[in-house]
Amino acid sequence: MKRFVNIAIRDRKITLFVAFLLVIIGLFNYHMAPKQQSPKIELATAMITTVYSGASAEDVEEMVSKKIEEELMTFEEYDEVASYSRPSVSVILFTVKVADDYSKTWDKVRRRMEDLQRELPEGCGRIEVDTDFMATAGIILSLSGNNYSYSEIEKYGDDIKWELSRIHGINKIEIEGKHQEEILIELDYRKMNYLGVSYDEVLSLIKVQNLEIPSGQVFDGHSKINFRAKGFYDDLSDIENIVVAVSEETGIVTRIKDIGVVKLALEDSAYKVKTNLNNSILIVGYFEDGKNIIPIGKEIDNALEKLKHQIPNDIVIGKVLYQPEIVEREVSGFITSLLQGIIFVIIVVFIGMGLRNAIIVSIAIPLSIFMTFSGMRLFEVEIHQISIVALIISLGMLVDNAIVVSDAIQVRLDKGEDRIKACVDGVIEVAVPILTSTATTICTFMPLLLMGGEIGEYLKSLPIIVILALSSSYLVALFLTPTMAFLFFKKSRPKRKKLIFIDKILKYSIDRKSLVLLLLVIIIIGTVKLGGSMGLKFFPFADTDMMYIDVRSELSSDIEKTEELTDEIVKIVIGYDEITDCVAAIGDGLPRFYDTMFPAFPSKDYGQIVVKLDKGLIGKGRKYSNLTALRDDIQRKLNEKISSGTAVVKQLEQGEPIGTPVNIRIVGKDVEGLGEVAKEIKAVLKTIKGTSNVDTDFVSKQYEYISNVDKIKASHMGINNYNIQNEINIALRGRNAGILRMNGEEYDIRLKSNISKVSELKNLAIKSKITDKKHILKDMGKIELASVLPVIKKIDNEYSVNVFSDVLSGSNAVKIQEELMDKVDKSKYSDVRFVLGGESKSIERNFSKIGFIGLAFLLVVYGILLLQFKSFIEPFIILLTVPLSVIGSFLGLYTTGTNLSFTALLGMVSLAGIVVNNAIILIDYINSEIKEGRSKKDACIEAAKKRSRPILLSTTTTVIGLIPLILMGSELFTPMAISLMSGLLVSTLLTLIVIPVIASIVIKEGKIEEKI
């Protein structure tokens, strides 16, 4: 080590050039690094869909879903299986454990599903495995216009799609909400009843008239020329004039136009989009992974600017989601906070050390940060809010090592040592202590690397960057700081003023050790009680410029009613001054526009509205102090005015997606029984103050028409089950009859009847292929109403129903859930099991995990201290600073009215490695003073006096460096900053008193007593 430091100083021009080179490389890596708003969370979930046409939900569950569930639960990677069995379709969400690469797992799932296919009923479709449905959009543009049809808007959308697809860095562009036109052949069922042909036969006639068979070649006397017999339809008249029947008696020809209409119409779609009540489509873009999306966004802006001149002025291009702008704004804000922190820390160093020394020490900050940027590229860490916050947290600690090294060098210079000897020996003297200090700090951030799950992925960059930054600062302190000190340090003249108040307080405390320890125990007990009374909050909501509303109509099969309900909600919401735009999707959710959102399932009774906000009108001094207050007011107004369905206003989540903060899963063997229990639990939950949108996901039985055909009677008529179901299917749903190419476009041809009522369906005539005669459906049986379960939900192969609610601003989800379980008489529900979910589940799982891992790493810290001090007791004394920091953190959170969140707890865990450094310095100096022959009392007092200034300076730089996190006003990072700042301040003050007092107790004159 001594040799390398000597070389760095001797060849200082090379050392300075290397430092300059590291700055340039760091700047380059920062510029090239991918930038995004938040860490990308890849939810490890696959959607497995299987169609089983005509089967009830019960049959789908028993014969399809159950078999797939059981197979998936045998996977080593299995974490959770959720199944939704609906009539004719099984949907299963398979979640696996978090891993670096899921491709092998998904390949294995596909292979196993192919093997399982043969065990499913014969009528089942192919098992489809979709692993891309969780992709998050990078841009969502709405294209809308008043008095424009969907087809007119789509033409402009296609132009925009083509132009944007050419931009490098965009993975794909899709258009959502398109309404394709089709050729609809609608036959009058009454006229069809009198003809001798069935719908199936008409369908075949249309198909066979619309084909071309390669004919071959003919010789024209000179050469062979291809011959084509024209057969494809050219226009609607070709279809209208198809002959479907000829009367044997009169010879009258019946054409399609005689028994129905052929028209160009919009396809039946269960999905449409509206922007501010106007017809709209969405242009959805996905970026390539690992790209810096800010310059890509500028290219998109340029392309859109050109396209605006090619579309009508009253066609509006709206930015529903535009990640490049969001990322640029967020990163700029965080970088500004980082620069503020750097300035604050440098000012504190100047005040504490003097101009010359402060300049040398402060160089460690930018150089360490630039080195960290290069390390980020090496470890593939992107620039986002978590990574920049990690740098802000590191700021105050980056100068600690340089301060210690410069101080050691200055002391030797003041003693008159040779300049190069003072610089080299000063570094060697403190190299091991600052290595220990750096290692202990790094160890307390290591638990985050072992967290696992979505939270571990979300916060993984924080410990990596802290480790990189502290390691960089250590290298800078070892090599660059002594080099700069050799060039610029001088012998100091004035003596530093002693902190007299430390001397007086310590003498008083050491003389009254019992009183100090008693007060410490009282403070610890009080802090524990204080912590128990604090509100718990896992993660705050995302601070974005959008919210969304989930809409459910009372009528599950009528999309027109869902559209009416959605329009009614938009009219209410758009009246708020704080709201700029509303984009509504009817029949399905919008494309996934935030990483923590779970995609919606298509359903005619479902709608989703994205609400865009003007954040400048929300905040302190405004009508709504935060997004939650606005959300609660919108929810209250919707509850008052909406009666034909439900509307739930939601904020976007950060970190691990929880969904509803209060959630109780009820597990049992009887689906309908679970529904009754859920109804009762829901009623109890509604009585608890602070709840909102209390509901259950149990769907009661719904009515549907079922044809109960007398099979014996039908068979006597020469009609089998296939004849009946096939004709009904064509008559009601329609069936594809081919393609019409017209005016350069392709249109699907669909054949159906004009039946719209059950009374008309009863009079549908079914043709027998045996007798060629037709018989009315009602003559073969009855069409009756029957109640059926529309969906059967299972979690891990157990029937499950959830009761859930949101919470109002100022209420605590954990306490609400605890109160609910206290009110529920569990003895009354012996045949079911309650599983706690929501925020309680996430807090219990993650808080306990980080606590356990944190304790494990405290043992590692103890081991590092043991290596340095060769003592069992001294590391134990040093670790006493950890509970002292927790006291400060709890006091800070409580006095500021801040909930104990995951990030606040993370701040406490991180403090452990920071605060022990102060104790390390104290114990080290106490040992030195004892070796010089001082009494234990004098040694403790003298050590505290001598080291109080660097300890206070180090603490101040760290605390000051965290101020930008407070100024940002981030609900995510403010609790962490408060936890760190208050814990560090209180711990430092208590450490200067408590550690010397405890050391004076265990010390015997001349040595520290070892108790093994």
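Residues numbered from 1 in each chain as written. Predicted model: local features only at pLDDT ≥ 70, side-chain atom pairs only at ≥ 80, totals over all residues. Heavy atoms only, no water.

A few points about the pattern of salt bridges
Pairing is possible between side chains that carry opposite charge, provided their charged atoms lie close to one another.
Moving on, step 1. This model, assessed by the stated rule, comprises 43 salt bridges.
Moving on, step 2. Lys-823 is paired through a salt bridge with Glu-819; the nearest N and O atoms lie 3.6 Å apart. Of the two residues, Lys-823 and Glu-819 both sit in helix H27 (residues 813-823), 4 residues apart, roughly one turn of that helix.
Moving on, step 3. Judged by its relative accessible area of 43%, Lys-823 is partly exposed.
Moving on, step 4. Relative accessible area serves as the criterion here: at 34%, Glu-819 is assigned to the partly exposed category. (Salt bridge = Lys/Arg side-chain N within 4 Å of Asp/Glu carboxyl O. Helix = DSSP H or I, 4+ residues; strand = E, 2+ residues; numbered from the N terminus. Buried < 20%, exposed > 50% of the residue type's maximum accessible area, 1.4 Å probe, protein only.)

Describing helix H1 (residues 2-10)
Moving on, step 1. When H1 is considered as a whole, its buried residues turn out to be Val-5, Ala-8 and Ile-9. One side of H1 carries all its buried residues, which in axial view fall inside an arc of 95°. Opposite the packed face of H1, turned more than 90 degrees from it, sit the exposed residues Arg-3, Phe-4 and Arg-10.
Moving on, step 2. Next to the buried residues of H1 lie helix H2 (12-32), helix H16 (419-445) and helix H18 (461-488). (Arc of directions from axis to C-beta. Contact = heavy atoms within 4.5 Å.)

Comments concerning the packing of H1 against H18
Moving on, step 1. Relative orientation of the contacting elements H1 and H18 amounts to 45°, with a least axis distance of 9 Å. Our classification of the angle between H1 and H18 gives oblique. In this structure, H1 meets H18 at a crossing whose hand is right-handed. Facing H1, whose interface residues are Phe-4, Val-5, Ala-8 and Ile-9, H18 presents Leu-478, Phe-479, Pro-482, Thr-483 and Phe-486.
Moving on, step 2. Looking at the contact of H1 with H18, its residues break down into 8 nonpolar, 1 polar and no charged. (Axes fitted to C-alpha atoms, helices over the stretch in contact; angles between N-to-C directions. Parallel < 35°, antiparallel > 145°, perpendicular 65-115°, else oblique. Left-handed = near helix turned anticlockwise from the far one by under 90°. Nonpolar A, V, L, I, M, F, W, Y, C, P; charged D, E, K, R; others polar.)

Side note on the packing of aromatic side chains
Moving on, step 1. Here the structure, examined in full by the defined rule, presents 10 aromatic pairs.
Moving on, step 2. Taking the centre distance of 6.3 Å and the plane angle of 85° together, the rings of Phe-334 and Phe-973 count as edge-to-face. Of this pair, Phe-334 sits in helix H11 (residues 323-353) while Phe-973 sits in the loop between helix H33 (963-968) and helix H34 (974-1002), and the two are 639 residues apart along the sequence.
Moving on, step 3. Among the residues examined, Phe-334 registers a relative accessible area of 5% and is labelled buried.
Moving on, step 4. Taking the centre distance of 6.4 Å and the plane angle of 55° together, the rings of Phe-370 and Phe-373 count as tilted. Remark: Phe-373 and Phe-370 occur in helix H13 (residues 364-378); sequence separation between them is 3 residues, near one turn of the helix. We note that Phe-370, like Phe-373, is buried.
Moving on, step 5. An aromatic cluster is defined as three or more aromatic residues linked by ring pairs; in this entry it consists of Tyr-30, Phe-370 and Phe-373.
Moving on, step 6. The ring centre of Tyr-30 lies 4.8 Å from the NZ or CZ of Lys-35, which sits over that ring.
Moving on, step 7. The ring of Tyr-322 is capped by Lys-319, whose NZ or CZ atom sits 4.0 Å from the centre of that ring. (Phe/Tyr/Trp six-rings, centres within 6.5 Å; stacked < 30°, edge-to-face > 60°. Lys NZ or Arg CZ within 6 Å of the ring centre and 35° of its normal.)

Thoughts on the side chain of Ser-387
Moving on, step 1. Considering the arrangement of structural elements, one finds Ser-387 in helix H14 (residues 385-398).
Moving on, step 2. Polar side-chain contacts of Ser-387 include one of 3.1 Å to the backbone oxygen of Glu-382.
Moving on, step 3. Engagement of the side chain of Ser-387 in a polar contact is seen with the backbone nitrogen of His-384, the distance being 2.8 Å.
Moving on, step 4. Leave out the neighbours within four places in its chain, and Ser-387 touches Met-376, Val-381, Glu-382, Ser-461 and Ile-465. (Polar contact = N/O pair within 3.5 Å; in protein donor to acceptor, adjacent residues only side chain to side chain.)

Let's talk about the sheet that holds strand E24 (residues 735-742)
Moving on, step 1. In space, the 4 strands of this open sheet follow the order E12-E7-E25-E24, with mixed pairing throughout. In this open sheet, the two strands that pair with only one neighbour each are strand E12 (260-266) and E24. The sheet shows a mean angle of 25° between the axes of neighbouring strands, direction not considered.
Moving on, step 2. In this structure, E24 lies alongside strand E25 (residues 745-753), joined through 7 bridges in antiparallel fashion. (Pairing = 2+ DSSP bridges.)

A word on the packing of helix H28 (residues 838-869) against helix H31 (residues 902-931)
Moving on, step 1. Closest axis-to-axis distance for the H28/H31 pair is 11 Å, and the angle between their directions is 15°. Viewed along their axes, H28 and H31 adopt a mutual orientation that is roughly parallel. Where H28 crosses over H31, the handedness of that crossing is right-handed. Across the interface between the two elements, Asn-846, Phe-847, Ile-850, Leu-858, Leu-865, Gln-868 and Phe-869 from H28 touch Phe-902, Leu-905, Leu-906, Val-909, Ala-912, Ile-920, Ile-923, Asp-924 and Asn-927 from H31.
Moving on, step 2. Considering only residue class, the contact of H28 with H31 consists of 12 nonpolar, 3 polar and 1 charged.

Some points on the environment of Ala-8
Moving on, step 1. Inspection of the secondary structure assignment puts Ala-8 in helix H1.
Moving on, step 2. The exposure class of Ala-8 is buried, given its relative accessible area of 8%.
Moving on, step 3. Between the C-alpha atom of Ala-8 and that of Ala-245, which follows or precedes it by 237 residues, the distance is 100 Å.
Moving on, step 4. With residues up to four places along the chain from it excluded, the contact list for Ala-8 reads Thr-15, Phe-479 and Thr-483.

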